[in-house]
Amino acid sequence: HDRQVAVAVPGVGKTEVVAALVERLVEVEGVDADDGVLVLSFSNAAVFAVERRLRQSGASLVAVQTMDSLAGEVLHDLAEFETKGLGFDGRIELAARLIATEGWDRLERIKHLIVDEVQDVVGVRADFLGRVIEALPEDSGFTALGDPAQGIYDFQIQPDSNGRQPTSATSSQQLVRN
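Rules behind the numbers
Residues numbered from 1 in each chain as written. Predicted model: local features only at pLDDT ≥ 70, side-chain atom pairs only at ≥ 80, totals over all residues. Heavy atoms only, no water. Pairing = 2+ DSSP bridges. Helix = DSSP H or I, 4+ residues; strand = E, 2+ residues; numbered from the N terminus. Axes fitted to C-alpha atoms, helices over the stretch in contact; angles between N-to-C directions. Contact = heavy atoms within 4.5 Å. Parallel < 35°, antiparallel > 145°, perpendicular 65-115°, else oblique. Left-handed = near helix turned anticlockwise from the far one by under 90°. Nonpolar A, V, L, I, M, F, W, Y, C, P; charged D, E, K, R; others polar.

## As for the sheet that holds strand S1 (residues 3–7)
Consideration 1: With parallel pairing, five strands are arranged side by side in an open sheet as S1-S5-S4-S2-S3. Looking at the sheet topology across the chains shown, the edges are occupied by S1 and strand S3 (63–66). Going across the sheet, the axis of each strand differs from the next one's by a mean of 15 degrees, ignoring polarity.
Consideration 2: Here S1 pairs with strand S5 (residues 141–146) via five bridges, running parallel. Considered in S5, the bridge of Gln4 is made with Thr143.
Consideration 3: The strands touched by helix H3 (residues 67–78) within the sheet are strand S2 (37–41), S3 and strand S4 (112–116), with S3 carrying the most contacts at an inclination of about 100 degrees.

Below is the structure:
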C-alpha cells in the first residue's frame, strides 16, 4: 500500500478523495471495511463531513474518528489506572507512550490509515500519530490530506534551531518522513 501526503487548497475535494480512496480500498483492493481502514481527523466537524461524504458516495462505511477518541480507546484497552484526571494532551501523551511500549492489537489489523486535516496535527497529537504509524504493519499504507494555509495551530509550534517558525504542514511532513 502507498504512503503519501496530499496537499491541496480549500474546495478542491479532499473529502471526496477520502471517500474515493475508501471505496477503492474496500471494493477494488478487498480491504476489510470493518477494521482494515481507519480514517482520523482533527475535529468532530471533519469526522462528520467525512462520514457524510462516504454515505453520499455510497462508499463502505469505515471507522472515522478523531485522534482524541482513538487515544481514548487506547487508554480504555491498555491503561492500568484511572485516567479521568488527565487533560486532553495528557491523555494523548499517555496513549502514545502505551502504543510505543505495549503495542495495540487494533492497529495490527489496519491495512490503510487516512488522516484528514493533517495540517492541524501538531504537538502531542503529531507524536501520537507518529506512534500510530510506527505501530502499523509494514505492509500498511497511509494517506495524509491537508492544506497548510488552513492550519489553525501554527502558534503552538516552536521555532527550529535556526530560529525559523515551521508550519504545521512542515511538522506533518516531518512526521510522514520519519
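## Description of the packing of helix H1 (residues 14–28) against helix H2 (residues 44–57)
Consideration 1: Running from N to C, H1 and H2 point in directions that differ by 55 degrees, and their axes come no closer than 9 Å. Classed by the angle they form, the pair H1 and H2 counts as oblique. Remark: the crossing between H1 and H2 carries right-handed chirality. Between H1 and H2, the contacting residues are Thr15, Glu16, Val18, Ala19 and Val22 on the first element and Ala49, Val50, Arg53, Leu54 and Ser57 on the second.
Consideration 2: Split by residue class, the contact of H1 with H2 holds six nonpolar, two polar and two charged.

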